[in-house]
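Tertiary structure, described
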Number of protein chains: 2
Amino acid sequence: MPKRRARTHSSSITSHDIARMTGVSQSTVSRALRGDPHVAAATRERVLQAARELRYVPSDIGRSLSTRLTRRIGMVVTDVANPFYPYLVGPLHDVLDELGYRMVLFAERGEAGALADRLAGQSIDGVVLTTAMLESELARDLHARGLPFVFLNRVAEGVPGDVVTVDNALGASLVGHEVVRRGHTDVAAIFGPLETSTGRDRERGFRVALASAGVQLPEAAVRHGDYHYDTGYEGMLSIMSGTGMRPTAVFCGNDAIAIGALNAARKAGVAVPDEVSIIGFDDIPIADWELIQLTTVHTPASEMAASAGRLLVERIEARPRVLEPRIRIYEPHLVMRRTLADVS
Amino acid sequence: MPKRRARTHSSSITSHDIARMTGVSQSTVSRALRGDPHVAAATRERVLQAARELRYVPSDIGRSLSTRLTRRIGMVVTDVANPFYPYLVGPLHDVLDELGYRMVLFAERGEAGALADRLAGQSIDGVVLTTAMLESELARDLHARGLPFVFLNRVAEGVPGDVVTVDNALGASLVGHEVVRRGHTDVAAIFGPLETSTGRDRERGFRVALASAGVQLPEAAVRHGDYHYDTGYEGMLSIMSGTGMRPTAVFCGNDAIAIGALNAARKAGVAVPDEVSIIGFDDIPIADWELIQLTTVHTPASEMAASAGRLLVERIEARPRVLEPRIRIYEPHLVMRRTLADVS
DNA sequence: TTCTCGCTTGACTACGTATGCAAACCGTGT
DNA sequence: ACACGGTTTGCATACGTAGTCAAGCGAGAA
């Protein structure tokens, strides 16, 4: 950058300007502004006064370059437009904000290597992964690069890192037991992706619960897909029409799928829960709408997000850079609403 | 920072390392990596090779400090947890991503001055405002600071800036005319905040349309509130019980409010649209769910978001820093679904 | 052979902040 | 009057990249 550039960009005020104005050195300005005790009260006052007058705002970039900290964390999601993710992103944003960190959004599309590179560009202190596949190349890359990260909701295998999640298998088994208790014997399911920890664990928990009660889950009545509305909508239509059987209960991998299924049932003129029960997982606020009233497994999304944020920041700010991986597993519980009924 | 710090932080690879390794100067490395033609092909190859081997990733911070550009833009929303905002944030994120910019989330709570300061911390090239009040101190501050910004969806008054929105008054008048055409004479409304451009324009358009047809909108049947589900839910309950009248149609300031109203009607056992029609504004995907099927005004949210992103980036990268404010107003249209019927 | 021109390359500096170290300053006790 | 100790301040530098300027180099022309 040549010296003559001078004022091409909006001439922002720097600590040097304050120094010049108050007649002290730039170092003293820096110290005064950071509240360093080695500054005379009178000097500090003069500096603060000048800073206020000039509407001085310290440059994050200069600071970052010097401290190697950006006070920014990356949030990796599959798909920013998904209407279900604010329940996680919102609370996370708020904790981070309180802790003085800002959130940068990253969408994980295909090429994980490129994303890891971008995350490693130094402009981020840590990463929250909500989107991890069991075999997460991204997590491995982050680990290799020494960039702090935390898994929120989902987990990857074989990569040590902090984890915040619910006991997915337990939650699903609660559903399984309740379905059986209510007399259902013709059961179907639309699970999430097998490549995710939530997909795998929820499927396992549900299957184990049914098996322990001797109830069959015929493979013709099982669907898999990603955690979207459409998966539930199409899965439900295919279950209702495609298979010879008539399931009286359908367990869905999450609420988005369940709501898709609910809408498909309505579309097909099948009454819920009179003709078929539908159960979700997550307990997003929409599940409680009067028009939905979805029976589902409650997960404390806000607390989980907040917890993940705090773990990550702790790790970032930890004095000795190493820290044992910490695992926080929350307990889910079943919320009975109006989409699960006794079999008639 | 003292010289002896050396390797306290994860020793990241810099362009100097590459220079040392290949035996050229750091400037040459920089040039080679940026594709500067004034570099011999052989040299470029050696540099790229070394960079690949060391898994070199340039430091965003160093680059930002040098170029004064961060390739980061701020997205200001009221409330990150709102499930309706992904429809705007998602597409916006995607365009920005294509253009090589990342998105940093900011929540606007109370103190606008503090937010303006944070945004001005140099670590952002521009700002998208979706949350602006008509009297936006934030917009004024940004303008004063010379930080590029664009209004998306809402607008502030008296601050020159790029604007992307729909013709809100027109959209609302479409609803008004259709309601009248279908024979409704007892009409109510739950509008958004008067302090927002959308709130004001949608209210105005609706009132004008009714008035032109000689239909009254009694003040006892009008509510105002923010653009949330709860506003619609409670507003609807209060309209149904509180006023002596029995409206046959209720216009809502946006889909979130309309869906709240829809759920309140169901809760109160009032049939939609047989006993009361409900109309929204925005046409978010949820409006098309089989269980909702909300009649509403369609706004091209994705295109608007994409357009806003492009305008902002153009402004950031514009050669002469000044640029006339550009205004893009999209045309809305009414989407008939199942919550608006002829009066019986 | 020498000069010139163009292509490559290196040295150097700006960018804004934080901080170790050294120097300056002040007051107190002898 | 001087030495000593503590407080306050300034100097110098690191951080990583981009880009200006000037120098080095080699090839072709005269």
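Just so we're clear, the structure is a prediction, and the values are computed from it rather than from any experiment.

Section: the pairing of strand β8 (residues 249-252) of chain A
Residue and element names in this part refer to chain A. On β8, burial covers both faces: Ala249 and Phe251 on one face and Val250 and Cys252 on the other are all buried. The pairing of strand β6 (residues 187-191) with β8 spans four bridges and is classified as parallel. Within β8, the residue paired with Val187 across the bridge is Ala249. Across three bridges, β8 lies against strand β9 (residues 277-282) in parallel orientation.

Considering the side chain of Ser197 of chain B
Residue and element names in this part refer to chain B. Mapped onto the elements, Ser197 comes out in helix α9 (residues 197-212). In terms of polar contacts, Ser197 uses its side chain to reach the backbone amide nitrogen of Val155, at 2.9 Å. In this view, Ser197 contacts Leu134, Asn153, Arg154 and Val155; residues no more than four positions away in its chain are not counted.

Considerations on the confidence of the model for chain A
Chain-level statistics for chain A give a pLDDT mean of 90 and a share of 94% at 70 or above. For residues 1-10 of chain A, every residue scores under 50 in pLDDT, and the model assigns this stretch seven contacts once sequence neighbours within four places are set aside.

With respect to the protein's contact with DNA strand C
Taken together, 35 residues form the shell around DNA strand C, and within it His16, Tyr56 and Ser66 of chain A together with Thr28 and Thr43 of chain B come nearest. The sugar and phosphate moieties of DNA strand C supply 60% of its atoms located within 4 Å of the protein. A distance of 3.1 Å separates a base nitrogen of DNA strand C from a polar side-chain atom of Gln26 of chain A. For the surface near DNA strand C, the secondary-structure elements that each account for two or more residues are α1 (15-22), α2 (26-34) and α4 (60-67) of chain A together with α2 (26-34) and α4 (60-67) of chain B.

Notes on the sheet that holds strand β10 (residues 295-298) of chain B
For sheets, the rule is that strands pair by backbone hydrogen bonds, running either parallel or antiparallel. Residue and element names in this part refer to chain B. Strand order in the open sheet made by the six strands is β7-β6-β8-β9-β10-β12, with mixed pairing throughout. Each edge of the open sheet carries a strand with a single partner, namely β7 (222-224) and β12 (333-335). Direction aside, neighbouring strands of the sheet carry axes that sit 20° apart on average. Strand direction decides the pairing type here: β10 and β12, joined by three bridges, are antiparallel. The residue of β12 that forms the bridge with Thr296 is Val335.

Analysis parameters
Residues numbered from 1 in each chain as written. Chains lettered and ligands numbered in written order. Predicted model: local features only at pLDDT ≥ 70, side-chain atom pairs only at ≥ 80, totals over all residues. Heavy atoms only, no water. Buried < 20%, exposed > 50% of the residue type's maximum accessible area, 1.4 Å probe, protein only. Helix = DSSP H or I, 4+ residues; strand = E, 2+ residues; numbered from the N terminus. Pairing = 2+ DSSP bridges. Polar contact = N/O pair within 3.5 Å; in protein donor to acceptor, adjacent residues only side chain to side chain. Contact = heavy atoms within 4.5 Å. pLDDT = per-residue confidence, 0-100. Near = heavy atom within 4 Å. Axes fitted to C-alpha atoms, helices over the stretch in contact; angles between N-to-C directions.

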